[in-house]
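Below are the chains, spelled out letter by letter.
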Amino acid sequence: MALVVQKFGGTSMGTIDRIKNAAARTIAAHTEGNRVVVIVSAMSGETDRLLRLAREVTAVPDAREMDALAATGEQVASALMAIAIQAQGMRARSFLGHQMKVLTDSAFTKARIKAIDASRVQLALEEGEIVVVAGFQGVDEHGNITTLGRGGSDTSAVAIAAALDADVCEIFTDVDGVYTTDPNICPSAKKIDRISYEEMLELASLGAKVLQIRSVEMAMKYGVPVHVRSSFSSSSGTLVTHEGDLEQVVVTGVAYDKGEARVMLVGVRDQPGVVAEIFTALAAKSVSVDMIIQNVSVDPTGAKGAHTDVTFTVAKSDLARVRDVIDEIGRKVGAVDVRYDEDIVKVSVVGLGMRSHAGVAAKMFSILAEHGINIQAISTSEIKISCLVATKYTELAVRALHEGFQLGNAPADERTPAI
Ligand code: ADP
Ligand code: ASP
Ligand code: MG
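Notes on the structure follow. Because the structure is a prediction, the values reported are computed rather than measured. (Residues numbered from 1 in each chain as written. Chains lettered and ligands numbered in written order. Predicted model: local features only at pLDDT ≥ 70, side-chain atom pairs only at ≥ 80, totals over all residues. Heavy atoms only, no water.)

## Considerations on the site of ligand 1
Right, so step 1: Within the structure, ligand 1 sits among 16 residues, and T173, D174, Y179, D182 and N184 are positioned closest to it.
Right, so step 2: Between K7 and ligand 1, the recorded distance is 3.1 Å, taken from a side-chain N or O atom to an oxygen atom.
Right, so step 3: Side-chain polar atom of D174 to an oxygen atom of ligand 1: 2.9 Å apart, as the coordinates give it.
Right, so step 4: For ligand 1, whose unbound accessible area comes to 580 Å², protein coverage reaches 89%.
Right, so step 5: Residues of the shell around ligand 1, tallied by class, amount to 6 nonpolar, 6 polar and 4 charged. (Near = heavy atom within 4 Å. Polar contact = N/O pair within 3.5 Å; in protein donor to acceptor, adjacent residues only side chain to side chain. Areas by Shrake-Rupley, 256 points an atom, 1.4 Å probe, with all protein chains shown as cover. Nonpolar A, V, L, I, M, F, W, Y, C, P; charged D, E, K, R; others polar.)

Have a look at this one:
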């Protein structure tokens, strides 16, 4: 008897009819002879609605209370799912994060799972019940409710699958798998049948929100096979596992992320310790920095190298905190100007094949240039290249790169030929 973990995202839980449809899927898996644990997200739009309510009360609500508030979305959804399963004639029981229990650290709004006690779930499964668990939430060692960051139900599902040693973790969502790029902005995007954890991790961390980054990290660490599927069709989906597609392509996918903002300190003193001072101050406020560029600027007195510009990107959601820190540090390090730009998007190409192929960066820059898209910053790793461009170019850049690297519906052997 296999153990199957199924996760239903917000759209899949968006209406009572959809919850009934999801319930029918869990029952079908149970009837096929599996033990089934279901993780649910809040109904679509609900988490946004709750967070908006708090911000109507005050601009910077307390993080602990934000989590207590946001977690209610999944509480409603898990109870409704259990009721829907029962209404279709099957035994079911719902558990919240603290009932289960999903122990996290105390980093409210972005808590990390430390341990899962699956004994109550095991017991319920042994009694023949379908177990429903509220995703996105946990509890810290002091009994406070925590949440795992936006999209965190994916991580709940994979963590519970790992804790239960499940045979598979099925992620039911509103697309029928992982695509070569977001199918909602690029109509020629092609579904990938099988993708490696490594590539999926890059795609997720570069903005492909179909899986939350931490869920992929965890799946990779514990070897949980993840199957991304549609709630609304019986399509075969995408398997995320150790081995990607055996057919080796150079570029597997294109991702974009509108969640970052660019900060530029102009004309800071070019001497040891200045950059350390800037980033130490940001780290002290728990701000994660993504891209960093430092370039020598021309000194107003004519002496080159005496001053430098420091540019970096941070999450838009951290920008208020960043402004507080940087406005002050900027003065200390002698910046002549500090600029903030939220009107940017990071577009990236990802592929394991880049390790053994030269020229991918050149090709990416050429494609963007041919479309008149100016690159504001670049970062690379072994298997990805990212460029920062103006937001207005998002769709154009994604589609141009997708087409330029031949990721669309061309036959597999014609894709991404030698560069
Ligand atoms: P859920 O509510 O089920 O968790 P999400 O909205 O978090 O769903 O994630 C699914 C969405 O991810 C899709 O609707 C799609 O727009 C987006 N997405 C971005 N990149 C990709 C990609 N490469 N493949 C599939 N979906 C993608
Ligand atoms: N409901 C949460 C969110 O909207 C968690 C999730 O859907 O995975 O981010
Ligand atoms: Mg999601």
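## What about the packing of helix α2 (residues 46-57) against helix α3 (residues 63-87)?
Right, so step 1: Between α2 and α3, the shortest axis-to-axis distance is 9 Å and the interhelical angle comes to 155°. Here α2 lies roughly antiparallel to α3, going by the angle between them. Crossing angle aside, the handedness with which α2 passes α3 is right-handed. Here E46, T47, L50, L51, A54 and R55 of α2 lie close against α3, whose contacting residues are M66, L69, A70, T72, G73 and E74. (Axes fitted to C-alpha atoms, helices over the stretch in contact; angles between N-to-C directions. Helix = DSSP H or I, 4+ residues; strand = E, 2+ residues; numbered from the N terminus. Parallel < 35°, antiparallel > 145°, perpendicular 65-115°, else oblique. Left-handed = near helix turned anticlockwise from the far one by under 90°. Contact = heavy atoms within 4.5 Å.)

## Topic: the sheet that holds strand β2 (residues 35-40)
Right, so step 1: Pairing is mixed across the open sheet formed by 8 strands, whose spatial order is β3-β6-β2-β1-β9-β11-β12-β10. Two strands in the sheet have a free side with no partner beyond their single neighbour: β3 (92-95) and β10 (194-196). Shown here is a sheet whose adjacent strand axes are inclined to one another by a mean of 20°, direction ignored.
Right, so step 2: Docked against the sheet, helix α5 (residues 119-126) engages β1 (3-8), β2, β3 and β6 (130-134), running at close to 130° with respect to β2.
Right, so step 3: In the packing of helix α7 (residues 197-205) onto the sheet, the strands contacted are β10 and β12 (238-241), and the crossing angle to β10 comes to about 85°. (Pairing = 2+ DSSP bridges.)

## What about the site of ligand 2?
Right, so step 1: Taken together, S41, A42, T47, E74, F136, R150, G151, G152 and S153 make up the full set of residues adjacent to ligand 2.
Right, so step 2: Contact distances for ligand 2 include 3.2 Å between an oxygen atom and a side-chain N or O atom of S41.
Right, so step 3: Taking G152, its main chain carries an N or O atom lying 3.4 Å from an oxygen atom of ligand 2.
Right, so step 4: Protein coverage of the free-state accessible area of ligand 2, which is 260 Å², stands at 86%.

## Quick word on α5
Right, so step 1: Taken together, the buried positions of α5 are occupied by V121, A124 and L125. Angularly, the buried residues of α5 cover 100° about the axis, an arc narrow enough to put them on a single face. The outward face of α5, more than 90 degrees from its buried face, is lined by the exposed residues L123 and E126.
Right, so step 2: For α5, the secondary structure elements touched by its buried residues are β1, β2, β3, α4 (97-100), β6 and α6 (153-164).
Right, so step 3: Downstream of α5 by a residue or two, G128 has a phi angle that is positive, lying close to 85°. (Buried < 20%, exposed > 50% of the residue type's maximum accessible area, 1.4 Å probe, protein only. Arc of directions from axis to C-beta.)

## A short note on the side chain of T26
Right, so step 1: Within the fold, T26 resides in helix α1 (residues 16-31).
Right, so step 2: Take T26: its relative accessible area is 0%, and that puts it in the buried class.
Right, so step 3: For T26, the side chain forms a polar contact with the main-chain oxygen of A23, separated by 2.8 Å.
Right, so step 4: Sequence-distant contacts of T26, defined by excluding residues within four places in its chain, comprise Q6, F8, V36, V38, I85 and I130.

## Some words on the pattern of salt bridges
Right, so step 1: Evaluation of the coordinates by the stated rule reveals 19 salt bridges.
Right, so step 2: Measuring nitrogen to oxygen at the nearest pair gives 3.0 Å for the salt bridge that ties E170 to R229. Here R229 lies in strand β11 (residues 226-230) and E170 lies in strand β9 (residues 168-173), a separation of 59 residues in the sequence.
Right, so step 3: Assessed through its relative accessible area of 16%, R229 is described here as buried.
Right, so step 4: Here R321 and D318 are joined by a salt bridge, their closest N and O atoms 2.4 Å apart.
Right, so step 5: Residue D318 is classed as buried on the basis of its relative accessible area of 10%.
Right, so step 6: Each of R91, R93, E127 and E129 takes part in salt bridges that share partners, so that together they form one network. (Salt bridge = Lys/Arg side-chain N within 4 Å of Asp/Glu carboxyl O.)

## Structural notes on unusual backbone geometry
Right, so step 1: Looking along the chain, the bond that leaves M100 and enters K101 is cis, with omega of 5°.
Right, so step 2: For K101, the location among the structural elements is in the loop between α4 and β4 (102-104).
Right, so step 3: The backbone of T109 shows a phi angle near 70°, a positive value even though the residue is not glycine.
Right, so step 4: Mapped onto the elements, T109 comes out in the loop between β4 and β5 (113-116).
Right, so step 5: Looking at T109, the relative accessible area reads 35%, which means it is partly exposed.
Right, so step 6: Of note, the phi angle at D165 is positive, near 55°, even though the residue is not glycine.
Right, so step 7: Turning to its location among the elements, D165 is positioned in the loop between α6 and β9.

## Things to note about the packing of aromatic side chains
When we look at a pair of aromatic rings, we describe it by the centre distance and by the angle of the planes.
Right, so step 1: Using the criterion set out here, one finds 2 aromatic pairs in the structure.
Right, so step 2: Aromatic side chains F8 and F172 sit 4.8 Å apart centroid to centroid with 5° between the ring planes, which places their arrangement in the stacked category. Of the two residues, F8 is situated in strand β1 and F172 in strand β9; the sequence distance between them amounts to 164 residues. Of the two residues examined, F8 and F172, each falls in the buried class.
Right, so step 3: With centroids separated by 5.2 Å and ring planes inclined at 70°, the aromatic side chains of F279 and F312 adopt a geometry described as edge-to-face. Residue F279 is located in helix α9 (residues 274-284), and its partner F312 is located in strand β16 (residues 307-315); the two are separated by 33 residues in the primary sequence.
Right, so step 4: Over the aromatic face of Y340 sits the side chain of R323, whose NZ or CZ is 4.3 Å from the ring centroid. (Phe/Tyr/Trp six-rings, centres within 6.5 Å; stacked < 30°, edge-to-face > 60°. Lys NZ or Arg CZ within 6 Å of the ring centre and 35° of its normal.)

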